[in-house]
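# Examination of the molecular architecture
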Number of protein chains: 2
Amino acid sequence: MDDIYKGKRSLLLKGVRVDGTLSDILIDDQGTIAGMGKGLAGEAEFVLEGNGAFALPGLVNTHTHAAMTLLRGYADDMPLQEWLSQKIWPLEAHLTGEDVFWGTKLACLEMIRSGTVAFNDMYFFMQDAARAVDEMGLRAVLSYGFIDLFSEEKREQEIKATETLVTALKSMRNPRIRPAVGPHAVYTVSPEGLSWIAGYAKKEEIGIHIHLSETEKEVNDAVSQWKKRPVKILDECGILTPRTVAAHCCWLDRDECRLLARRGVHVSHNPASNMKLATGRAMPYHWLREEGASVTLGTDGCASNNNLDLFEEMKVAALLQKFAWNSPTVLPAGEALAMATSAGAKALGFGRGVIAPGEPAHLVLVDSRAVCNIPLHHISSNLVYSCSGSAVKTTICQGKVLMKDRVVPGKDEIIREASRAAAALVKRATDNAG
Amino acid sequence: MDDIYKGKRSLLLKGVRVDGTLSDILIDDQGTIAGMGKGLAGEAEFVLEGNGAFALPGLVNTHTHAAMTLLRGYADDMPLQEWLSQKIWPLEAHLTGEDVFWGTKLACLEMIRSGTVAFNDMYFFMQDAARAVDEMGLRAVLSYGFIDLFSEEKREQEIKATETLVTALKSMRNPRIRPAVGPHAVYTVSPEGLSWIAGYAKKEEIGIHIHLSETEKEVNDAVSQWKKRPVKILDECGILTPRTVAAHCCWLDRDECRLLARRGVHVSHNPASNMKLATGRAMPYHWLREEGASVTLGTDGCASNNNLDLFEEMKVAALLQKFAWNSPTVLPAGEALAMATSAGAKALGFGRGVIAPGEPAHLVLVDSRAVCNIPLHHISSNLVYSCSGSAVKTTICQGKVLMKDRVVPGKDEIIREASRAAAALVKRATDNAG
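Just so you know, these numbers come straight off a predicted model, no measurement behind them.

## So, the relation of the copies chain A and chain B
- When chain A is fitted onto chain B, the two copies agree to an RMSD of 0.0 Å after a turn of 180 degrees and an axial shift of 0.0 Å. Within this description, the copies of the chain are treated as partners about a two-fold rotation axis. The rotation axis passes nearest to the C-alpha of S390(A) in chain A, at a distance of 3.3 Å.

## Some remarks on the pairing of strand β9 (residues 177-183) of chain B
Residue and element names in this part refer to chain B.
- In terms of burial, β9 is largely enclosed, as 6 of its 7 residues are buried.
- In this sheet, β9 lies alongside strand β8 (residues 139-146) in parallel orientation, the contact comprising 7 bridges. Residue pairing across strands places L142 opposite P179, the latter belonging to β9.
- Once you follow β8 into helix α4 (residues 152-172) and on to β9, the crossover reads as right-handed.
- Two strands pair when backbone bridges link them, and β9 and strand β10 (residues 207-212) are joined in this way by 2 bridges, in the parallel orientation. Residue V181 lies in a different strand from β10, and its bridge partner there is I208.
- Handedness of the crossover joining β9 and β10 through helix α5 (residues 191-204) is recorded here as right-handed.

## Looking at the confidence of the model for chain A
- Mean pLDDT over chain A: 97, with 100% of residues reaching 70 or higher.
- Here the predicted complex scores 0.98 on pTM and 0.98 on ipTM.

## Section: the interface of chain A and chain B
- On the chain B side, the residues contacting the 51 residues of chain A number 51 residues.
- Contributing elements (two or more residues each) for the side of chain A that touches chain B: α2 (97-113), α9 (271-276), α11 (310-324), α13 (379-386) and α14 (411-433) of chain A.
- Sort the elements by how many residues they give to the side of chain A that touches chain B and α11(A) lands first, with 6 residues.
- Looking at the side of chain A that touches chain B, its residues break down into 27 nonpolar, 15 polar and 9 charged.

## Examining the nonpolar core
- Formed by 311 residues in total, the largest nonpolar core has its most connected members in A55(A), A129(A), L138(A), A55(B), A129(B) and L138(B).
- In this view, L138(A) contacts C108(A), M111(A), I112(A), V117(A), A118(A), F119(A), V133(A), R176(A), C397(A) and L402(A); residues no more than four positions away in its chain are not counted.

## Remarks on the pairing of strand β12 (residues 266-269) of chain A
All names here are of chain A.
- By the alternation rule, side chains of β12 split into H266 and S268 and V267 and H269, which are all buried.
- Pairing analysis gives 3 bridges linking strand β11 (residues 244-248) to β12, with the strands arranged parallel. In the sheet register, A246 faces β12, and the bridge partner there is V267.
- Once you follow β11 into helix α8 (residues 254-263) and on to β12, the crossover reads as right-handed.
- In terms of strand pairing, β12 meets strand β13 (residues 294-297) through 4 bridges, oriented parallel. Opposite H266, over in β13, you have S294 as the bridge partner.

## A closer look at the sheet that holds β11(A)
All names here are of chain A.
- Taken together, the 8 strands give an open sheet; going across it, the order is β6-β7-β8-β9-β10-β11-β12-β13, and neighbouring strands pair in parallel fashion. One side of each edge strand has no neighbouring strand; the edge strands of this open sheet are β6 (59-64) and β13. Sheet twist, expressed as the average angle between the axes of neighbouring strands with direction ignored, equals 25 degrees.
- Sheet analysis places strand β10 (residues 207-212) next to β11, joined by 5 bridges and oriented parallel.

## Considering unusual backbone geometry
Residue and element names in this part refer to chain A.
- The omega torsion of the bond from N305 to N306 falls at 10 degrees, within 30 degrees of zero and hence cis.
- Within the element layout of this structure, N306 appears in the loop between β13 and α11.
- Each neighbour pair has its own omega, and for I374 with P375 the value is -10 degrees, a cis peptide bond.
- As for its placement among the helices and strands, P375 is situated in the loop between β14 (363-366) and α13.
- Of note, D405 is a non-glycine position whose phi angle comes to about 50 degrees, a positive value.
- If you trace the backbone, D405 turns up in the loop between β16 (400-403) and α14.
- Given 9 C-beta atoms within a 10 Å radius, D405 is considered exposed.
- In this model, R406 sits at a positive phi of 70 degrees, which is unusual for a non-glycine residue.

## Side note on the domain arrangement of chain A
Residues and elements named next belong to chain A.
- Per the domain assignment, the segments of chain A are domain 1 (3-57 + 361-411) and domain 2 (59-348).
- The C-alpha centroid of domain 2 is placed 28 Å from the C-alpha centroid of domain 1.
- Between domain 1 and domain 2, the contact holds 22 residues from the first and 26 residues from the second.
- Of all the secondary-structure elements, those providing two or more residues to the side of domain 1 that touches domain 2 are β5 (54-57), α13, β15 (392-397) and β16.
- Looking at which element gives the most residues to the side of domain 1 that touches domain 2, the answer is α13, with 5 residues.
- Tallied by class, residues from the side of domain 1 that touches domain 2 come to 12 nonpolar, 8 polar and 2 charged.

Criteria and cut-off values
- Residues numbered from 1 in each chain as written.
- Chains lettered and ligands numbered in written order.
- Predicted model: local features only at pLDDT ≥ 70, side-chain atom pairs only at ≥ 80, totals over all residues.
- Least-squares fit on C-alpha atoms with pLDDT ≥ 70 in both.
- Buried ≥ 20, exposed ≤ 12 C-beta atoms within 10 Å, placed from the backbone.
- Helix = DSSP H or I, 4+ residues; strand = E, 2+ residues; numbered from the N terminus.
- Pairing = 2+ DSSP bridges.
- Right-handed = clockwise from strand over helix to strand, strands pointing away.
- pLDDT = per-residue confidence, 0-100.
- Contact = placed C-beta atoms within 7 Å.
- Nonpolar A, V, L, I, M, F, W, Y, C, P; charged D, E, K, R; others polar.
- Core = buried A, V, L, I, M, F, W, Y, C linked by C-beta atoms within 7 Å.
- Axes fitted to C-alpha atoms, helices over the stretch in contact; angles between N-to-C directions.
- Domains from an automatic or database assignment.

What follows is the structure, given as structure tokens:
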């Protein structure tokens, strides 16, 4: 492996464009941006020629189930309940920790190749996911999907599983990996479970990652069962905090947007998944924006997207918001880019998501000579509407080079092992069903 | 230039996967598929190792304004009328034939790199567009955008321009390039103009390319001015034929879907453009399908998309249809793939759009080891929902190799000249405005 991939080395990026201006960027051996400027004087162990590439803050995916890359394309174009009960759940019942390890490695490979440096993940076998993230060098917030189904016995198990994961992740002492608590949703976690989670997350000073108001059914069921809309339920249980990321949020009403903004909750917009599963309504971005809420971007898992390319997701977000709210001015390119970078970084506590001295060096270099960037009238427009993640040449997370000129170390092994794991998983599930 | 790009040579593709089955494909020196099978015996001037790539029929883009790649990212996120009158039209007023030549070459480069082998184009300076297509080796149907604005004098000019183009294109004797007539829309072309077009297209045995019911305003204005919906106007003028491609079709009612189906018209679905410009309604695919209409796929011009990647467009189509019509089962992956391949090829008269002996060899090879194809549960799902055009390795049009292992001859010159032309165009428009 080329030494440049090893990290903990100072690095000088020469001749990249930051907000359109040509600059050098010096990164110290702790992965912090130490200096910026034209013809920067400074010594570094490695020098990387930028060739005028656009330097962007690394993208941040605020809602994933990374290991579900193994289920990519396994079942599509089906009604939600049928898809879950006949296809997804039976397969997930046979998942092993090793599957999650390889699925998460494949997800990390895909994220690195499309410019994502950090993600917010909720799934099972999360210690195996952590092992994958550790090897791949991204930043991640990892949570165990807490589902008590309103049973006290199950709740005790989920509490134990959560505590075990948090302790294990903290003991890794990898500053790139943080634990969070992952209450699945109001329809799968009891108020008692939610209240415990709120207290525990506060005590441990860790994040909360939850699905919120994805479908109309979720809202209607909450109102009919609890006489409250989901946001109110979460608020009463103490779940709405500035450490909280709420995914989907398609069916928010205006008051709920205001409350999420007041509580400092970060919303994760997941447009491709919402469209594919026909949630019936797009997240009300215009209301959230007017209320001053933090809106970030996520892909959801690969079973319902079916990729992890945040460049594509920025475009789908900008298109969906315009279409759904009937205005071509909603979510312009610059705001889509901010959702995927600065808003995401702040939501996960990984810096401010900007390229500036003192900030962690989370950045990607986009090929300014790629066809999608020709001609060049406005950089942000090309990045959002024209390019896919394939225009990213180099990905750097906290100063560590994860991809250089589209080469990610270990790619072939990941492709081989993830393919093998996916095929074996389907075989186990099929043999068992037969 | 490598000899393999020269065309008119027989070619053997070894070890590609057609519908999942490993096969060789023999292409004769006329660009026709001569044989298929495992371990095919046959001699060819060139042998191309497929390495298990997925062989797909080449994609067909049935609605473009190719030269508008020069305007990519020039103006976005604006209300339609402001965008057109303040940004697009002032720039177009300064377009030259040379601009259209380089803009079309850039478009062809982008299409080749994302697996498109044929397109249906409407714009100005179309002889320059034809020169670009001729050099790039794709197939295209080219039409001059006929706009008479209900003036007899302008109509005579447009008739002359149309006749001149058709004569010029026929005299090129390039079997890959065909003329069509391009009436812009019912709100820009008089019934007299439409009737002339219908008669002329029939006499010349050429296609018709028109915008239809893109916005609600178009429908409302037609009803208030003519007491008829747009489809009825076109039908009375003889425009609805099996040689006709109607783009957009967002605001069709059920009766209009039925009539388009009966007349054998090919609808071009343009989901990204429709979403970006907030047309307010998605093309009613489910009705068109139920009525048996031919539905194809197009990107529209780069000013309103902003790329020409039909892989991305397939995904956006499948997502939009599900979202807009509130059902996750609408437009499954296999149908999206057929829209972009067989339906498009039939609409433009470029074969059946399938890989079979006797068919023209319009085909692309998609890297089966690309991350978007890992794991491989269902090929069509990965192609539609997971891959972008960057997974295409090789593009072949009528037996001529246009891209091999992502190398397109002449790429650097096109990037340089298109960039220069776009900058000069903006400068001319700005100098003139000042």
